[in-house]
Amino acid sequence: MELLDVLTVYHGTEAREIELYQGDLTSLKPEEAVDILVVSAFPNDYTPTPTSLIGALYSKGVSVLQLADAKAVDLRQTCSCWLSQEIVSQASGIQFKRILCFEPCVRGTPPEVVGDIFRTLIPFLGSDTPSYKIAMPLVASGDQRESAKKMLASLLEAAVHWMALGIPLKKLKIVEHSVSKAAQLKQEFSYLKRKYEIYPLRERPGFKYEIFISYSHKDTEKVLLLTEELQKLRPNLSMFLDRQELNAGMAWQQEIYEALDDCRKVIAVYSPTYLISKVCQEEFNIAMFRHRESEEPILFPIFLFDAKLPTYMKVLLQYVDCREGDEEKLRYACREFFSKF
């Protein structure tokens, strides 16, 4: 493959890279191997068309349709993606371990939901192996006919956002097969690079807030009871509680990110609407990164209303069970929180 350009992103002082290539994702050399290959598809349609990456994979003996029949993880309802089982192939050029299939148009247009690729990966990119590499075409810009310019801008915005926050992704390879289209993307990438490149950040002492409350606005009534009880127990408590609706179509709201980065603890309030909210997912995942990297626990989950929790929410963190909005249990949760503060 031919390397066309590189965008360097920093998590603190650690450099991560987003690379633009011209080449063939089904003919990777061993030294070009990655952990995960991203493909895109229409919902539940894995037809190996001649012009698609799914078609090229099929010609090498890798059937996305068969992989879809035995998905390792299916997060299409919340993240527009699913992850395959580990791939075993002797075919030359198949230098990846799993496929992540991006199926947009279910929860929004591809440019709006391309960040779901990274949200899907967060629970599975373990902090103990911080050197993951991922390769992808410019998703949804082929058979799905989305604007390549729009997709590249949205993809880079999401990738820079998550890599700077600390997702354990060291290298992202964006690969275009067509020589002429790759030349156009190189020009656009160079322009976007100036906009999105992030430089090393200095450590910032202290915190502006002691607590950030991550919750669905549908649960405001019970959450206000929670915050009132917290303030009774600690009258001078500095707390961030967002009361304004956010634009879910945007990759992130900078002021909310800054508050999450500048708080000592995060209380995540689980509920059915919390689990399907893109904003709540962003808040939880950012807090989880901080939790993994911090010497002291950051995340304190409260299970407010019954819902089917993703495995990583149940396994990685112990929650306080306050279902179904039990007010006495909420008061207990506040006391339990301060006992670990």
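Refer to the structure above for everything that follows.
Residues numbered from 1 in each chain as written. Predicted model: local features only at pLDDT ≥ 70, side-chain atom pairs only at ≥ 80, totals over all residues. Heavy atoms only, no water.

**Student:** What am I meant to see in the nonpolar core here?
**Tutor:** Across soluble globular proteins, nonpolar side chains have a tendency to be buried as a group. Ranked by internal contacts, the top residues of the largest apolar core, which has 70 residues, are Ile18, Ile117, Phe118 and Phe284. For this core, the element with the highest residue contribution is helix H6 (residues 148-165), accounting for 11 residues. Contacts of Phe284, omitting those with residues within four sequence positions, involve Ser214, Ala268, Tyr270, Tyr274, Leu299, Tyr312, Met313 and Leu317. With 23 residues, the next largest nonpolar core counts Leu37, Leu57, Trp82 and Val175 among its residues. (Core = buried A, V, L, I, M, F, W, Y, C linked by side-chain atoms within 4.5 Å. Buried < 20%, exposed > 50% of the residue type's maximum accessible area, 1.4 Å probe, protein only. Helix = DSSP H or I, 4+ residues; strand = E, 2+ residues; numbered from the N terminus. Contact = heavy atoms within 4.5 Å.)

**Student:** Explain helix H13 (residues 327-339) to me, please; I cannot follow it from the model alone.
**Tutor:** Residues separated by three or four positions in an α-helix point in the same direction, a consequence of the helix having 3.6 residues per turn. The end-to-end C-alpha distance of H13 is 19 Å, a good match for the 18 Å that 13 residues give at a rise of 1.5 Å each. Among the residues making up H13, those that are buried are Leu330, Ala333, Cys334, Phe337 and Phe338. The buried residues of H13 occupy an angular sector of 130° when the element is viewed end-on, so they sit on one face. Summarising the contacts, the buried residues of H13 are in contact with strand E9 (209-214), helix H8 (220-233), strand E11 (263-270), strand E12 (299-303) and strand E13 (320-321). A distance of 3.0 Å separates the backbone nitrogen of Glu328 from a side-chain oxygen at the start of H13, and that oxygen is part of Asp326. (Expected span 1.5 Å × (residues − 1). Arc of directions from axis to C-beta. Polar contact = N/O pair within 3.5 Å; in protein donor to acceptor, adjacent residues only side chain to side chain.)

**Student:** I tried to follow the sheet that holds strand E10 (residues 239-240) on my own but got confused; where do I start?
**Tutor:** Spatial ordering of the open sheet is given by E10-E9-E11-E12-E13, a layout of five strands whose pairing is parallel. The open sheet terminates on both sides in strands that have one partner only, identified here as E10 and E13. Examined bridge by bridge, E9 and E11 share five bridges and lie parallel to one another. Each residue of the ladder has a partner; that of Ile213, found in E11, is Ile267. Packing against the sheet, helix H11 (residues 278-293) makes contact with E9, E11 and E12, and its axis sits at approximately 135° to E11. (Pairing = 2+ DSSP bridges. Axes fitted to C-alpha atoms, helices over the stretch in contact; angles between N-to-C directions.)

**Student:** Could you clarify how one ought to interpret the pattern of salt bridges in this entry?
**Tutor:** Once the charged atoms of two side chains with opposite charge are near each other, the side chains can pair. Counting across every chain of the model gives 16 salt bridges. Between Lys97 and Asp35 there is a salt bridge, and its shortest N-O distance comes to 3.5 Å. Note that Lys97 is positioned in the loop between strand E5 (81-83) and strand E6 (98-102) and Asp35 in the loop between strand E2 (14-22) and strand E3 (36-40), a separation of 62 residues in sequence. For Lys97, a relative accessible area of 44% corresponds to the partly exposed category. Overall, Asp35 belongs to the buried group, its relative accessible area being 16%. Each of Lys222, Glu229, Glu327, Glu328 and Arg331 takes part in one network of salt bridges that share partners. (Salt bridge = Lys/Arg side-chain N within 4 Å of Asp/Glu carboxyl O.)

**Student:** What's the story with the environment of Leu237 in this structure? I'm lost.
**Tutor:** Mapped onto the elements, Leu237 comes out in the loop between H8 and E10. Classification of Leu237 by relative accessible area gives buried; the value is 8%. Taking the C-alpha atoms as reference points, Leu237 and Ile211, 26 residues apart in sequence, are found 7.9 Å from one another. Contacts of Leu237, omitting those with residues within four sequence positions, involve Glu210, Ile211, Leu230 and Phe338.

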